[in-house]
Amino acid sequence: MNFEGLDPGLAEYAPAMHSALDPVLDAHLNPSLLQNVELDPEGVALEALPVQESVHIMEGVYSELHSVVAEVGVPVSVSHFDLHEEMLWVGSHGVNGSDDIRQIQSLENGILFLTKNNLKYMARGGLIIFDYLLDESEDMHSLLLTDGSTLLVGGLQNHILEIDLNTVQETQKYAVETPGVTIMRQTNRFFFCGHTSGKVSLRDLRTFKVEHEFDAFSGSLSDFDVHGNLLAACGFSSRLTGLACDRFLKVYDLRMMRAITPLQVHVDPAFLRFIPTYTSRLAIISQSGQCQFCEPTGLANPADIFHVNPVGPLLMTFDVSASKQALAFGDSEGCVHLWTDSPEPSFNPYSRETEFALPCLVDSLPPLDWSQDLLPLSLIPVPLTTDTLLSDWPAANSAPAPRRAPPVDAEILRTMKKVGFIGYAPNPRTRLRNQIPYRLKESDSEFDSFSQVTESPIGREEEPHLHMVSKKYRKVTIKYSKLGLEDFDFKHYNKTLFAGLEPHIPNAYCNCMIQVLYFLEPVRCLIQNHLCQKEFCLACELGFLFHMLDLSRGDPCQGSNFLRAFRTIPEASALGLILADSDEASGKGSLARLIQRWNRFILTQLHQDMQELEVPQAYRGAGGSFCSSGDSVIGQLFSCEMENCSLCRCGSETVRASSTLLFTLSYPEAGTSDKTGKNCDFAQVLKRSICLEQNTQAWCDNCEKYQPTIQTRNIRHLPEILVINCEVNSLKEADFWRMQAEVAFKMAIKKHGGEISKNKEFALADWKELGSPEGMLMCSSTEELKNVWLPFSIRMKMTKNKGLDVCNWTDGDEIQWGPARAEEEHGVYVYDLMATVVHILDSRTGGSLVAHIKVGETYHQRKEGVTHQQWYLFNDFLIEPIDKHEAVQFDMNWKVPAILYYVKRNLNSKYNLNIKNPIEASVLLAEASLARKQRKTHTTFIPLMLNEMPQVGDLVGLDAEFVTLNEEEAELRSDGTKSTIKPSQMSVARITCVRGQGPNEGIPFIDDYISTQEQVVDYLTQYSGIKPGDLDAKISSKHLTTLKSTYLKLRFLIDIGVKFVGHGLQKDFRVINLMVPKDQVLDTVYLFHMPRKRMISLRFLAWYFLDLKIQGETHDSIEDARTALQLYRKYLELSKNGTEPESFHKVLKGLYEKGRKMDWKVPEPEGQTSPKNAAVFSSVLAL
């Protein structure tokens, strides 16, 4: 690869250019031009020489100015004029085809070079910025810079790659119907792709879809160019003897998208380029060196042909400078020719000065032999100076000042535990390992309230970096131990009977919104009545999760199945709602924007899922519908009917009806709300947002073109639940909320008789006055008025002329205007605030989302047996009652509103809130397998018959096997113990249920392998018996079902009241994501367990009590479920149905003694026999 920089000095007028030119010393010419002029030996003055009229190059007539050899004998493959500096870049053919430079593109900071399967970006000085290797099968030929940071790369394959130059990653791969894209151009209308088949395709700038296609040549395409509304192309046509160069240029009019008269030229065209100076000229170049200029819509004149004298037989490349004043040609012998139309051409309109490398001085210095002790150091050159050197500074005037060590992170000091004089603390992960930043100066950085929370000065006692955020609002995390979650105290965070949600699952940022939807009574009931046949239905999964929240008595739940279905929906991924684990952990991106997009998505998705009204045959009785055939229950609750009116300036008006499920707040412009504190009620902003009026460009049928139109929105029907996205995404909106809260606070103080100090802070006397009885306002209520702009209730009225009146509503207004129920008859509705979702800004954890929810009477009645309403804070698994004013207080420094939910007063009385369980016994009947290769001979279970349907209290043996989706993340503490940062993510792979009574006791009736679309990291074959391929429907021979199908079977068994017998069922139900009442679980782990002792494995219990050797090479869930049932029978036998706990305690004592002697290992077959034959065990049984 050779690169030749074109110095401006190369543009000096060479004397060999015109031999007839007389030597006239022009101001623009170099004196060296006179080197071949013979002067009179007598010394005649230059002024006395006879001078003819000066000959100048005519504008538009190109002549050779300079030629240089790039690399002797190596063909030049590509040339490119730099668009930013006066330089010409030249690439040559390599040793083999893969090293050829196919195309060069100059950018502001460097140069891009494209080879067969490599894209290299280098600085102009030669340093490599990046080297991007493409797939070895790629054969790239062309690149196109679409904007400052996006690049399209095409070649002989059937796709074009889009590469982001900032991240150096492939962002998109566009399929190409006609492979072989070797030339690409771009205008403000289309991408133009030239194909080796002779076609030119015009593609959309946004979607890259083909809009038009020109079949230019029957053989192949050589070159094409686009200027204005014209496209000109040259190429080869098919003849009887093969391909022949076509002397007709194909010209196309891009306005009518059709070909115009072809242009016949007098050379064999290989390259062409528009050179628009005064006219839209075309330069047509042949490989033999002939160049012809002509107009694309005129006739070619043979007199316009000039000849380039290549050193080699062929011209290989051609380029035109940005100023159109210079042409560059490269030939097959490695020579580059520069042609210009003026003696001093300008290559770019505005060029930077080129920086050349400084000459190296190392070679001019004498070598020094350091092995010579007597070598004088004066030989080393140093700059001459007469000033005092710093090394001459007297030692008495200096003192060593080492860098002051930075203070220890306050989070480390807070969590530190001291053992002797050594402290241990978990790593807060606020800095990189072994890297401590040093600051030379202590400077307070400006606080950006939407990226981080300011840190307080180091030295405060209570968590200085979190001094603004109240403790209950901070992000909560689960501390894992070697027992997992069993010893984690959730009751410390939640003393209510409501269920929290665990946050460690991927994309669990939406926990707060799930709680909001759950505590909407009509949504909770109607969602649970929904059941459909769709595998990944968010409405079904949300109903299952709501059922778990109903059953829980304060224990946290996890929405793993719901989030699993959420991750499979393409629309969620397209909206950017699915976060990577790294982004979620680091808090990248705005959580406020994310949850608002999620809010819009979930309402739309639930509305679509619940519009299906036909009852699926597989789930008979599942069709509980509460709406008309054209709408869903979500549409009835949230939908708002609107009229969108577009008024053109010609007077034409277009009205169309539409509906929306939520509204977005639209704030006044900066000019309409001055900074002096103009009062702007929330109701006014809400009305402006609902009845939105805006000026925009829109199509007018009357004018038949895009015209400025005034678009207004009127309300036909108000929703039952008013959902508002706050859109506080920048400092501008935050300042608006902050200013309105300050104005509202001052007005509230004045209303109660207080005086406001002119300063930002109240004077002490003012506070005393406000707190006095004369001030009529206590300090506690004064605090409640701070940072409050949001009303608890709003009143909305539909007027006769399709208008909307909105105003804030207080309890005192009800006395004045009458009860809300009476006014509903006149189109007046009162909406009460039910929930607020807020974004907590926290630099340490990346922020979090919490919800304030007003929990209604029905929820308290079910959980606590009392009837009252109360506001609660929901922060994942932390639930705490709060004062109602806290729900509307937003300190914009750390607590930013994101979503508001207003509910019509007396909404619950309008809906039937009875929950009818949609799951029927038919789910237990036989069903088809998803596996294509499954045969009846491979069946491992017998489905239940109608006369075998389980009843309340029946026993069912259960076991489940799992696979790993994500490995556990852990770290070793400094004391050698292991700390689990994030547990492994498991997915259920096999579920087996065994009959617990009857003639077929021990025979499984469910043995389902669960199909999964997510990537499995570890099949855990040694412990699960699951092998690769067992969960793949294409190759599996097992009975394969969906998770939803098996989940419904287990839900039916739970609802019917059966008792599950198994070993370690707590973990099984947790991964399956089921909430089972404790009185329906008989776990042999706890039946054969002594307090404060270790848990005993199923394998050891089976050997000790049943004389069974199980779990030899792998685990089998059928065997494990049967063994658990037999152990439960043995437990009943030994404990006399639980009536003799003392005798059973002795049995357990013998069990633990035997276990310690055997080190809890089952002996091999040639080893010790079962303890049933031992005297000790016989005596125990005799008891």
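Residues numbered from 1 in each chain as written. Predicted model: local features only at pLDDT ≥ 70, side-chain atom pairs only at ≥ 80, totals over all residues. Heavy atoms only, no water.

**Looking at the packing of helix α4 (residues 538–551) against helix α18 (residues 1043–1056)**
Reasoning step 1: Contact geometry of α4 with α18 gives a least axis separation of 13 Å together with a crossing angle of 30°. Regarding the angle of α4 to α18, the classification is roughly parallel. For the element pair α4 and α18, the recorded crossing hand is left-handed. Counting all contacts with α4, which are made through Cys-540, Glu-541, Phe-544, His-547 and Met-548, the residues of α18 involved are Lys-1044, Tyr-1047, Leu-1048, Arg-1051 and Asp-1055.
Reasoning step 2: Here the contact of α4 with α18 is composed, by residue class, of five nonpolar, one polar and four charged. (Axes fitted to C-alpha atoms, helices over the stretch in contact; angles between N-to-C directions. Helix = DSSP H or I, 4+ residues; strand = E, 2+ residues; numbered from the N terminus. Parallel < 35°, antiparallel > 145°, perpendicular 65-115°, else oblique. Left-handed = near helix turned anticlockwise from the far one by under 90°. Contact = heavy atoms within 4.5 Å. Nonpolar A, V, L, I, M, F, W, Y, C, P; charged D, E, K, R; others polar.)

**Some words on the UniProt feature "binding site: a divalent metal cation" (unreviewed entry) in the chain**
Reasoning step 1: Look at the UniProt record and you will see "binding site: a divalent metal cation" (unreviewed entry) annotated at Asp-959, Glu-961, Asp-1068 and Asp-1120. Across 162 residues of sequence, these annotated residues stay compact in space, with a maximum C-alpha separation of 12.9 Å.
Reasoning step 2: Following the sequence through the fold, Glu-961 ends up in strand β44 (residues 955–966).
Reasoning step 3: The residues contacting Glu-961, other than those within four sequence positions of it, are Ser-987, Val-988, Ala-989, Arg-990, Tyr-1023, Ser-1024, Ile-1026, His-1115, Asp-1116, Ser-1117 and Asp-1120.
Reasoning step 4: Its place among the elements puts Asp-1068 in helix α19 (residues 1065–1072). (UniProt positions renumbered as here; feature names shortened; annotations may be inferred.)

**Side note on the packing of aromatic side chains**
Reasoning step 1: Taken as a whole, this structure holds 45 aromatic pairs when the rule is applied.
Reasoning step 2: Ring centres 4.9 Å apart and planes at 80° place the aromatic pair Trp-737 and Trp-789 in the edge-to-face group. One end of the pair, Trp-737, is in helix α11 (residues 731–751); the other, Trp-789, is in the loop between α13 (779–785) and β37 (793–798), with 52 residues separating them in the sequence.
Reasoning step 3: Trp-737 sits in the buried class, given a relative accessible area of 3%.
Reasoning step 4: With 6.4 Å between their ring centres and 15° between their planes, Phe-1100 and Tyr-1104 make a pair best called stacked. With Phe-1100 and Tyr-1104 both in helix α21 (residues 1098–1106), this residue pair falls four residues apart, about one helical turn. The burial state of Phe-1100 is the same as that of Tyr-1104; both residues are buried.
Reasoning step 5: Taking NZ or CZ as reference, Lys-884 lies 5.1 Å from the ring centre of Phe-792, over its face. (Phe/Tyr/Trp six-rings, centres within 6.5 Å; stacked < 30°, edge-to-face > 60°. Buried < 20%, exposed > 50% of the residue type's maximum accessible area, 1.4 Å probe, protein only. Lys NZ or Arg CZ within 6 Å of the ring centre and 35° of its normal.)

**A few points about the sheet that holds strand β28 (residues 335–340)**
Reasoning step 1: What the four strands build is an open sheet, ordered β1-β28-β27-β26; its pairing is antiparallel. Each edge of the open sheet is held by one strand with a lone partner, namely β1 (63–69) and β26 (315–320). For this sheet, the mean inter-axis angle between neighbouring strands, taken without regard to orientation, is 20°.
Reasoning step 2: As paired elements, β1 and β28 share six bridges and run antiparallel to each other. (Pairing = 2+ DSSP bridges.)

**Considerations on the sheet that holds strand β9 (residues 150–155)**
Reasoning step 1: Taken together, the four strands give an open sheet; going across it, the order is β8-β9-β10-β11, and neighbouring strands pair in antiparallel fashion. Looking at which strands have only one partner, the edges of the open sheet turn out to be β8 (140–145) and β11 (169–175). The mean inter-strand angle of the sheet, taken between neighbouring strand axes irrespective of direction, is 25°.
Reasoning step 2: Pairing between strand β10 (residues 159–164) and β11: six bridges, direction antiparallel. Each residue of the ladder has a partner; that of Ile-160, found in β11, is Tyr-174.

**Re the packing of α21 against helix α23 (residues 1141–1158)**
Reasoning step 1: At a minimum axis separation of 12 Å, α21 and α23 run at an interaxial angle of 115°. The interaxial crossing formed by α21 with α23 has right-handed handedness. Where α21 approaches α23, its residues Phe-1100, Leu-1101, Trp-1103, Tyr-1104 and Phe-1105 are matched on the opposing element by Val-1147, Gly-1150, Leu-1151, Lys-1154, Gly-1155 and Met-1158.
Reasoning step 2: Taken together, the residues of the contact of α21 with α23 sort by class into eight nonpolar, two polar and one charged.

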